[in-house]
Structures are given as C-alpha cells and as structure tokens.
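Tertiary structure, described
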Amino acid sequence: RKQESFYSMGLALRDFLNQNATITSTLPDFGSFFTSFSENIRKIQELTGQQEKDKSGYAHQKKQLRDDLIARAIEVSRKTATYAKMTRNAVLEQEVHYTETDLLRSTDNMLKDRASVIFEKAEMNLSVLAPYGITAEMLNALKTAMELFISAIPRPRMGIIEKKQATDQLAALFAVNNDLLENMDALVEIVRQSH
C-alpha cells in the first residue's frame, strides 16, 4: 500500500513538475534529478505490470501436461507388464509395473524418471509388443508427452522468481526516487517564495 501510494504520488508529481518546467528549469541540477525520477516512474510502471500478470497459467498447463503423461505412461506400462507376465519375464515386469496411484503420487522428477523407464523398456521390446497393442506411434506420443512435461517443470517456479525479482527491483527504485525527491524538494526551496 505504501508503494502504491508513493507511486500514485510520483505520477501526480511528475505531471505537476512537467507543467511547471519553466520555473524548475532555472534550479541547479533539478533537470537531471527530475529526468532520473521520471525514468524511474516509467520503470516502476513496467515492473508493476509484470508483477500483476497472473502466473497461475504455468501451473495449470504443467498439471495438464502431467496428467497427459501419466495417462500415456500407464497405458504403455500396463501393456508392457502384461507382455512380461505372459512371457515370465519377472525383471521386465518389475521394471515397468507402476499403478496409476504410483504415478499420481510421484514427484515431478520421479514421474519423469518412471515414464522414461517405461518408454525405454517398451522401445527395446517394441517388436514383440505389437500383439499387446503397443505401436511406435504410441511410444512417440509418450516421448513427446515426456518432453513437454520436462520443459514445463520449472515454469511455475520461474514465474515466482520473476515476480520476486520485480518486487526487489521496485523496492530499489522507490528508494532511489525517495532520495531524488528529497533533493528536488530542497532545490524547490530556492523558488518557494517567488513562485
């Protein structure tokens, strides 16, 4: 609230000083202080806009990609595990057998790793998995879902970091503008009585 008030006051002050530029132009160094102040107001405006952007879309998109990856991984997992059970390949069955709950409860990195194992094992056995309903297209779709999900993992965190950086930059700009205002306020005392 304090920053919002200071920002509003800064906008009003900038406009007021622009209207009275003929008076302030005679003051020593006032022009450079005012130019810096106005530039900082513009930067504050940009940062405020960045801060106000809703970043929740990143988290929503990541959840959609996660859900898609789980659906594709569980389908390949079940079919590959069925093949392994029918051929008495206990090692393969243990490697690819994940329940939907296992995948749903996985952390992002664990899900990525589990989906990768499922993909790799199915790809190695693709030639014998056709009767069990696994196709190259299905594996390509799983691979694409993994890649999209992996690229989405850091996005929500990056949105939070961007917002924090904007907040830190705003605090610094307000501090600088406060110093500039003190200098301009002192200089205005020169013309206070005459204007």
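Keep in mind it's a predicted model, so treat the numbers as computed, not measured.

1. Section: the packing of helix H7 (residues 108-124) against helix H9 (residues 136-152)
Where H7 meets H9, the closest approach of the two axes is 10 Å, and the angle between their N-to-C directions is 160°. What the angle tells us is that H7 and H9 run roughly antiparallel. Here H7 runs over H9; the crossing is left-handed. Here H7 contributes Asp 108, Leu 111, Lys 112, Ala 115, Ser 116, Ile 118, Phe 119, Ala 122 and Glu 123 to the contact with H9, which in turn contributes Leu 139, Leu 142, Lys 143, Met 146, Phe 149 and Ile 150. Each residue belonging to the contact of H7 with H9 can be placed in one class, and the counts come to 10 nonpolar, 1 polar and 4 charged.

2. Observations regarding the nonpolar core
Residues Leu 69, Val 76, Leu 103 and Leu 142 are the most contacted members of the largest nonpolar core, which totals 28 residues. Elements supplying a minimum of two residues to this core: helix H4 (56-86), helix H5 (90-96), H7 and H9. Take this core: its biggest share by element is 9 residues, from H4. In this structure, Leu 69 is in contact with Leu 111, Ala 115, Leu 142, Ala 145, Met 146 and Phe 149, ignoring residues within four places of it in sequence. The next biggest cluster of nonpolar side chains, apart from the first, holds 19 residues, and it includes Tyr 7, Phe 37, Ile 41 and Met 184.

3. Considering the packing of aromatic side chains
Evaluated as defined, the whole model comprises 3 aromatic pairs. Between Phe 6 and Phe 174, the aromatic rings sit 5.5 Å apart at their centres with planes inclined by 75°, giving edge-to-face as the arrangement. Taken together, the residues span a long stretch of sequence, with Phe 6 in helix H1 (residues 2-19) and Phe 174 in helix H10 (residues 155-188) at a distance of 168 residues. Accessibility assignment for this pair places Phe 6 and Phe 174 in one class, buried. Between the aromatic rings of Phe 30 and Phe 34, the centroid separation amounts to 6.5 Å while the plane-to-plane angle is 10°, which identifies the pairing as stacked.

4. Structural notes on H1
An α-helical turn contains 3.6 residues, so any two residues separated by three or four positions project in the same direction. Taking 1.5 Å of rise per residue, the 18 residues of H1 would be expected to cover 26 Å, and the 26 Å separating its terminal C-alpha atoms lies within 8% of that figure. Inspection of H1 places Phe 6, Tyr 7, Gly 10, Arg 14 and Leu 17 among the buried residues, and these make up the whole buried set. Along H1, the residues classed as buried sweep out an arc of 100° about the axis, all on the same side. Seen from the buried face of H1, the exposed residues on the opposite side, beyond 90 degrees, are Glu 4 and Gln 19.

5. Regarding the environment of Glu 4
Checked against the element boundaries, Glu 4 lands in helix H1. Using a relative accessible area of 58% as the deciding quantity, one classes Glu 4 as exposed. For Glu 4 and Met 184, which are 180 residues apart along the polypeptide, the C-alpha to C-alpha distance reads 21 Å.

6. Observations concerning the environment of Met 184
Mapped onto the secondary structure, Met 184 falls in helix H10. With 95 residues separating them along the chain, Met 184 and Asn 89 place their C-alpha atoms 81 Å apart. In contact with Met 184, not counting residues within four places along its chain, are Leu 17, Phe 30, Phe 33, Phe 34 and Phe 37.

7. Considerations on H9
Here H9 spans 24 Å end to end across 17 residues, near enough to the 24 Å set by a 1.5 Å rise per residue. Residues of H9 that are buried include every one of Met 138, Leu 139, Leu 142, Ala 145, Met 146, Phe 149 and Ala 152, and no others. Along the long axis of H9, the arc covered by the buried residues comes to 150°, so they all point the same way.

8. Brief notes about the pattern of salt bridges
Applying the stated criterion across every chain yields a total of 12 salt bridges. In this structure, Glu 46 and Arg 42 form a salt bridge, with 2.2 Å as the shortest nitrogen-oxygen distance. Taken as a pair, Glu 46 and Arg 42 lie in helix H3 (residues 30-52) at a separation of 4 residues, close to a single helical turn. With a shortest N-O distance of 2.8 Å, Asp 108 and Arg 66 are connected by a salt bridge. Linking Asp 108 in helix H7 with Arg 66 in helix H4, this pair joins segments that are 42 residues apart in sequence. Take Asp 108 and Arg 66: they sit in the same class, and that class is buried. Each of the salt bridges in this network shares a partner with another, and the network as a whole consists of Glu 39, Arg 42 and Glu 46.

Each value, and the rule that gives it
- What you see as residue numbers is a count from 1 along each chain, following the sequence as written.
- Two thresholds apply to this predicted model, a pLDDT of at least 70 for residue-level local features and 80 or more for giving and counting side-chain atom pairs, whereas whole-chain, interface and lining totals are computed over all residues.
- Side-chain numbers come from the whole structure's heavy atoms, not from hydrogens or water.
- Lines fitted to C-alpha atoms define the axes here, with helix axes fitted over just the stretch in contact, and angles between the N-to-C directions of these axes take values from 0 to 180 degrees.
- Only DSSP runs of H or I with at least four residues qualify as helices, and only runs of E with at least two residues qualify as strands; both kinds are numbered from the N terminus onward.
- In these notes the angle categories are as follows: under 35 degrees is roughly parallel, over 145 is roughly antiparallel, 65 to 115 is roughly perpendicular, and the rest is oblique.
- A clockwise turn of the near helix away from the far one marks a right-handed crossing, whereas an anticlockwise turn of less than a right angle marks a left-handed crossing.
- Contacts are residue-level and defined by heavy atoms, with any inter-residue pair within 4.5 Å sufficient.
- Three classes are used: nonpolar for Ala, Val, Leu, Ile, Met, Phe, Trp, Tyr, Cys and Pro, charged for Asp, Glu, Lys and Arg, and polar for all others, with Gly counted as polar.
- Nonpolar cores were defined as sets of buried Ala, Val, Leu, Ile, Met, Phe, Trp, Tyr and Cys residues, with membership established by side-chain atoms within 4.5 Å.
- Each residue gets one of three labels from its accessible area relative to the maximum for its type: buried under 20%, exposed over 50%, partly exposed in between, using a 1.4 Å probe on protein chains only.
- Working definition: rings of Phe, Tyr and Trp (its six-membered ring) pair if their centres are within 6.5 Å, and the pair is stacked with planes under 30 degrees apart, edge-to-face with planes over 60 apart, and tilted otherwise.
- Here the expected length of a helix is defined as 1.5 Å per residue gap, with one fewer gap than residues.
- For this quantity, the arc is that covered by the directions from the helix axis to the C-beta atoms.
- One side-chain nitrogen of Lys or Arg within 4 Å of one carboxyl oxygen of Asp or Glu is enough to make a salt bridge.

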